[in-house]
Amino acid sequence: MDNTNNFKHHFLLAMPQLNDPWFSHSVCYICDHDENGSMGLVINKPLNMALEDIFSELDISGDGIPAQAVLQGGPVSPEQGFVLYQGAESDMQNMEIAKNIHLTTSKDILQNIADGAGPENLIVCLGYAGWEAGQLEAEIAANSWLTIPADEDLLFHTPIKDLAQAAAKKLGVDINLITSQSGHA
């Protein structure tokens, strides 16, 4: 695949005309993108659920469980948990997205977190967003998404409510000034 169109480790910022209930006003982090399609996580839509609720449901206990929200990662497999994290947890199956950023569905990481031995920076999502081959490229070409190179600071250290504005600002754009109207010169 041509690297100029590889959106892995990029944010997708939903443009105002994207009114799909799953993706309206969303910031999506692309975890994988190739000729077969794309996979990402919506990282700015908290569920009405705390991380400790997931641990309790899975009968995992410990003192290391961070007080943070679980996110609605997308419409595909909403019962499946995904842990996006910074660091290398080498004792479990994971997918490397970028240097020092990994994704796993392994329950082992949850026990490590509860024990205080897991990654410090993490995002937990239920479900994911998926695109068939060529679908994401078509949506970007139709101006449904603004693409922004991702970085660890935005991903792990920006409050959820500020994420869309902070990502847009990285491109020098004020998200509040973007309109759903397209103009022609």
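Each remark here, short or long, concerns the structure printed above.
Sequence order as written defines the numbering, with residues in each chain counted from 1. Whole-chain, interface and lining totals are the exception, using all residues; otherwise, since this is a predicted model, local features are given only for residues with pLDDT of at least 70 and side-chain atom pairs are given and counted only at 80 or more. Only heavy atoms go into the side-chain values, all of them from the structure, while hydrogens and water stay out.

**A short note on unusual backbone geometry**
Consideration 1: Residues other than glycine seldom take positive phi values, yet His-9 does so here, at roughly 65°.
Consideration 2: Each helix corresponds to a stretch of at least 4 residues labelled H or I by DSSP, and each strand to a stretch of at least 2 residues labelled E; elements are numbered beginning at the N terminus. Considering the arrangement of structural elements, one finds His-9 in the segment before strand E1 (10-14).
Consideration 3: A positive phi angle, near 60°, is found at His-25, a position not held by glycine.
Consideration 4: Relative accessibility decides the category of a residue: with a 1.4 Å probe and only protein chains considered, values under 20% of the type maximum give buried, values over 50% give exposed, and everything between is partly exposed. The class of His-25 is exposed, set by a relative accessible area of 64%.

**Some words on the nonpolar core**
Consideration 1: Counting 29 residues, the largest nonpolar core has Phe-11, Tyr-29, Leu-41, Ile-43, Leu-84 and Leu-155 as the members making the most contacts within it.
Consideration 2: With four residues, helix H5 (residues 163-170) is the largest single contributor of residues to this core.
Consideration 3: When checking whether two residues touch, look at their non-hydrogen atoms; a contact exists if any pair is within 4.5 Å. When sequence neighbours within four positions are dropped, the list of residues in contact with Ile-43 reads Phe-11, Val-27, Tyr-29, Leu-71, Ile-123, Leu-155, Ile-160 and Leu-163.
Consideration 4: Counting 14 residues, the second largest nonpolar core, distinct from the first, contains Val-83, Tyr-85, Val-124 and Leu-126. Among buried residues, the Ala, Val, Leu, Ile, Met, Phe, Trp, Tyr and Cys ones that are joined through side-chain atoms within 4.5 Å form a nonpolar core.

**Structural notes on the pairing of strand E7 (residues 95-98)**
Consideration 1: Alignment of E7 against strand E8 (residues 101-104), held across three bridges, turns out to be antiparallel. Its bridge partner lying in E8, Glu-96 is registered against His-102.
Consideration 2: Two successive antiparallel strands, E7 and E8, enclose a turn made up of two residues, where Asn-100 displays a positive phi of approximately 75°. A strand pair is defined by DSSP finding two or more bridges across the two strands.

**Quick notes on the environment of Gly-87**
Consideration 1: Relative to the helices and strands, Gly-87 is located in the loop between strand E6 (76-86) and E7.
Consideration 2: What makes Gly-87 buried here is its relative accessible area of 15%.
Consideration 3: Counting along the chain gives 15 residues from Gly-87 to His-102, while the straight-line C-alpha distance between them is 7.2 Å.
Consideration 4: Those residues within four positions of Gly-87 in sequence are excluded, and the remaining contacts are Asn-100 and His-102.

**Focus: H5**
Consideration 1: Every buried residue belonging to H5 is among Leu-163, Ala-164, Ala-167 and Ala-168, and all of these are buried. Here the buried residues of H5 occupy an arc of 125° about the axis, which is enough to place them on one side.
Consideration 2: Structurally, H5 contributes buried residues whose contacts are with E1, strand E2 (27-34), strand E10 (145-149) and helix H4 (152-157).
Consideration 3: Immediately downstream of H5, the backbone of Gly-172 shows phi near 80°, a positive value. What the arc covers is the set of directions going from the helix axis to the C-beta atoms.

**Description of the packing of aromatic side chains**
Consideration 1: Centre distance within 6.5 Å is the pairing criterion for rings of Phe, Tyr and Trp, where only the six-membered ring of Trp is used; planes under 30 degrees apart are then read as stacked, over 60 as edge-to-face, and the remainder as tilted. All told, the structure shown has five aromatic pairs when counted by the stated rule.
Consideration 2: Ring centres of Trp-131 and Trp-145 lie 6.3 Å apart, and the angle between their planes is 80°; this geometry places the pair in the edge-to-face category. Taken together, the residues span a long stretch of sequence, with Trp-131 in strand E9 (residues 122-132) and Trp-145 in strand E10 at a distance of 14 residues.
Consideration 3: Grouping aromatic residues by their ring pairs yields a cluster made of Phe-23, Trp-131 and Trp-145.

**Let's talk about the environment of Gly-64**
Consideration 1: When you line up the elements, Gly-64 lands in the loop between helix H1 (51-57) and strand E5 (69-72).
Consideration 2: Its relative accessible area of 30% is what places Gly-64 among the partly exposed residues.
Consideration 3: Setting aside residues no more than four positions away along its own chain, Gly-64 makes contact with Ile-113, Ala-114 and Gly-116.

**Topic: the layout of surface pockets**
Consideration 1: Approximately 290 Å³ is the volume attributed to the largest pocket.
Consideration 2: With a 1 Å grid laid over protein atoms only, a set of points is called a cavity when a 1.4 Å probe fits there but cannot get out and a pocket when it is open yet has protein on both sides within 12 Å along at least five of seven lines; lining residues have an atom within 4 Å of a point. In this structure, the largest pocket is lined by 16 residues; those nearest its centre are Ile-54, Leu-58, Gly-81, Leu-110 and Leu-126.
Consideration 3: Among the elements of the structure, H1, E6 and E9 are those that each provide at least two residues to the lining of the largest pocket.
Consideration 4: Of all the elements, E6 adds the most residues to the lining of the largest pocket, at five residues.
Consideration 5: Polarity classes work like this: nonpolar for Ala, Val, Leu, Ile, Met, Phe, Trp, Tyr, Cys and Pro, charged for Asp, Glu, Lys and Arg, and polar for all others, with Gly in that last group. The residue inventory of the lining of the largest pocket, partitioned by class, reads eight nonpolar, five polar and three charged. Grid points are joined across faces, edges and corners, and a volume is the space filled by probe spheres set on the points.

**A short note on the pattern of salt bridges**
Consideration 1: Throughout this description, the term salt bridge denotes a Lys or Arg side-chain nitrogen within 4 Å of a carboxyl oxygen of Asp or Glu. Taken as a whole and judged by the stated rule, the model has two salt bridges.
Consideration 2: The residue Asp-151 makes a salt bridge to Lys-170 at a minimum N-O spacing of 2.9 Å. With Asp-151 in the loop between E10 and H4 and Lys-170 in helix H5, this residue pair connects regions lying 19 residues apart in the sequence.
Consideration 3: Residue Lys-170 is classed as partly exposed on the basis of its relative accessible area of 37%.
Consideration 4: One salt bridge connects Lys-161 with Asp-162, and the closest N-O pair in it is separated by 3.2 Å.

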